[in-house]
Amino acid sequence: MKALIPVALIFVFLAASWANAQGQQDARYAIALHGGAGSDWLKLDSAEQAATKASLRRALTIGQTILKDGGTSLDAVEQVIRHLENDPIFNAGKGAVFNSAGGHELDSSIMDGRDRSCGAVAGVKTVKNPISLARLVMEETRHVLLSGDGADQFAKEMAVDLVDQKYFWTQRRYDTWQRVKRKQADDHQGTVGCVALDTHGNLAAGTSTGGLTNKLYGRVGDSPIVGAGTFADNKTCAVSCTGVGENYIRNAIAYDVSARMAYKHQPVKEAVHEILTKTLDASKNGLGGIIAVTHDGKITMQFNTGAMARASADSTGRFELALGE
Ligand code: ASP
């Protein structure tokens with residue numbers, strides 16, 4: 001009997017090591033985020049570029065910490081985007097662009113890859129963090145998308161942080177608005193998005209924006225349109241887009257990444273590349289970028305604009321930030 005004790009201990013030790021190894025294998029996570037596509041990122045002076053990268057690093061660390069600690073991809077996506085919404089560098093929350101009426105209307109969406117549940121808000125005017133309101137639409141209502149006054153009313157009922165329009169004002173966006181009004185051009189830099197795979201194997205995606213500078217009052221872009229600017233399905237991938245939203249809506253871009261994986265068995269990198277070079281024609285205003293993470297933790301971050309503020313990390317030790325190619 002005594003002779004069996006060491007054998008039993010060895011067995012227990014081996015079983016524990018095996019369980020631990022399994023646990024580590026299962027503890028795979030991956031996260032990617034963007035702060036908008038556009039070559040203007042490269043025109044920032046070195047102090048502004050450093051500030052942008054510091055903010056991306058902070059956002060990535062917030063998301064990575066949640067995932068490392070076994071938190072959910074939904075929480076990582078929401079908290080990363082809240083950070084970016086609070087930073088006036090980006091065109092989401094504080095620092096949102098001006099519309100043609102000189103105001104700010106914010107769009108956002110979030111999606112849960114477990115069951116395709118999703119929530120979105122469009123054209124909100126008083127909500128400090130639209131991504132959190134989008135999540136409340138998903139979790140607390142039977143709807144997917146609330147817009148305009150109804151969405152602001154829902155924000156009041158949910159007791160989220162409310163602000164007045166002055167909160168969103170920044171000199172930089174005001175100056176850009178004046179320039180864009182004269183040129184009648186599109187300006188769309190600084191939308192934010194995040195995609196994540198958590199250690200439970202669940203994907204989530206979210207996007208938040210002030211939209212296009214000088215957009216018509218009432219215009220809604222792709223960011224709050226599930227399937228256009230945001231998509232997540234545990235079977236394929238989680239996607240967040242940035243660019244001239246009308247093209248992303250016309251081509252159901254975020255869904256197309258997932259569909260190409262599901263129906264064509266296309267690797268995600270190839271799917272995103274084809275979309276950005278073929279479906280979206282950069283010469284016809286099809287400018288933008290796409291980030292995606294797959295069910296097995298592959299990350300891709302691509303753009304056809306020369307630059308995209310972006311960052312990514314995963315459980316293999318990846319931790320990257322970049323603006324240009
Ligand atoms: N897609 C956003 C919109 O059209 C803008 C952007 O991504 O920069 O509202």
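Look a little higher up for the structure.
Reading the values: rules and limits
Residues numbered from 1 in each chain as written. Predicted model: local features only at pLDDT ≥ 70, side-chain atom pairs only at ≥ 80, totals over all residues. Heavy atoms only, no water. Pairing = 2+ DSSP bridges. Helix = DSSP H or I, 4+ residues; strand = E, 2+ residues; numbered from the N terminus. Axes fitted to C-alpha atoms, helices over the stretch in contact; angles between N-to-C directions. Buried < 20%, exposed > 50% of the residue type's maximum accessible area, 1.4 Å probe, protein only. Contact = heavy atoms within 4.5 Å. Parallel < 35°, antiparallel > 145°, perpendicular 65-115°, else oblique. Nonpolar A, V, L, I, M, F, W, Y, C, P; charged D, E, K, R; others polar. Expected span 1.5 Å × (residues − 1). Arc of directions from axis to C-beta. Salt bridge = Lys/Arg side-chain N within 4 Å of Asp/Glu carboxyl O.

What follows deals with the sheet that holds strand S8 (residues 237-243). Pairing within the open sheet is antiparallel, and its 4 strands lie in the order S7-S8-S9-S10. Across the chains shown, the open sheet's two edge strands, defined by having one partner strand only, are strand S7 (230-232) and strand S10 (299-303). Put simply, the sheet's adjacent strands are angled 10 degrees from each other on average, direction ignored. Here S7 pairs with S8 via 3 bridges, running antiparallel. Directly across from Thr 230, in S8, lies its bridge partner Ser 240.

With that out of the way, let us pick up the pairing of strand S3 (residues 117-124). Of all 8 residues making up S3, 7 are buried, and the element is well covered by its neighbours. Strand direction decides the pairing type here: strand S2 (residues 106-112) and S3, joined by 6 bridges, are antiparallel. Along S3, the bridge assignment pairs Ile 110 with Gly 119. For S3 and strand S4 (residues 145-147), the ladder comprises 3 bridges, and the chain directions are parallel.

So, about the side chain of Glu 78. Mapped onto the secondary structure, Glu 78 falls in helix H3 (residues 73-86). Glu 78 gets classed as buried once you look at its relative accessible area, which sits at 11%. Discounting residues that sit within four places of it in the chain, Glu 78 has contacts with Ile 110, Ile 131, Ser 132 and Arg 135.

We now examine the packing of helix H4 (residues 130-140) against helix H5 (residues 148-157). Contact pair H4 / H5: the axes reach a minimum separation of 11 Å and the direction vectors enclose 80 degrees. As the angle between them shows, H4 and H5 are arranged roughly perpendicular. Here H4 contributes Leu 133, Leu 136, Val 137 and Glu 140 to the contact with H5, which in turn contributes Ala 151, Phe 154 and Ala 155. Of the residues assigned to the contact of H4 with H5, the class counts are 6 nonpolar, no polar and 1 charged.

For helix H6 (residues 171-183), spanning 13 residues, the distance from its first C-alpha to its last is 19 Å, which sits close to the expected 18 Å at 1.5 Å a residue. Restricting attention to buried positions, one finds in H6 the residues Arg 173, Thr 176, Trp 177 and Val 180. Viewed along the axis of H6, the buried residues span an arc of 105 degrees, placing them on a single side of the element.

Moving on, we get to the packing of H3 against H4. At a closest axis distance of 8 Å, the pairing of H3 and H4 adopts a crossing angle of 150 degrees. Taken together, the axes of H3 and H4 lie roughly antiparallel to each other. In contact with Leu 74, Asp 75, Glu 78, Ile 81, Arg 82 and Glu 85 of H3, H4 contributes Pro 130, Ile 131, Ser 132, Arg 135, Met 138 and Glu 139. A class-by-class count of the residues in the contact of H3 with H4 yields 5 nonpolar, 1 polar and 6 charged.

In this structure the tally under the stated criterion is 12 salt bridges. Of the charged contacts in the structure, one is a salt bridge between Glu 78 and Arg 135, with a shortest N-O distance of 2.8 Å. One end of the pair, Glu 78, is in helix H3; the other, Arg 135, is in helix H4, and 57 residues separate them in sequence. Between Arg 260 and Asp 256 there is a salt bridge, and its shortest N-O distance comes to 3.1 Å. Of this pair, Arg 260 and Asp 256 both sit in helix H8 (residues 253-264), 4 residues apart, roughly one helical turn. Side by side, Arg 260 and Asp 256 carry an identical accessibility label, which is buried. Salt bridges sharing partners connect three or more residues here, namely Asp 75, Glu 78, Arg 135 and Glu 139.

With respect to the helices and strands, the residue Met 261 is situated in helix H8. Of the residues examined, Met 261 reaches a relative accessible area of 14% and is grouped as buried. Residues Met 261 and Ser 46, 215 residues apart in the sequence, show an inter-C-alpha distance of 39 Å.

Positive phi values are uncommon outside glycine, yet Arg 116 reaches one of about 65 degrees. Here Arg 116 shows up in the loop between S2 and S3. Under the relative-accessibility criterion, Arg 116 is labelled partly exposed at 41%. We note that Ala 252 has phi near 40 degrees; this positive angle belongs to a residue other than glycine. As for its position among the elements, Ala 252 is in the loop between helix H7 (245-250) and H8. With relative accessibility at 31%, the residue Ala 252 sits in the partly exposed group.

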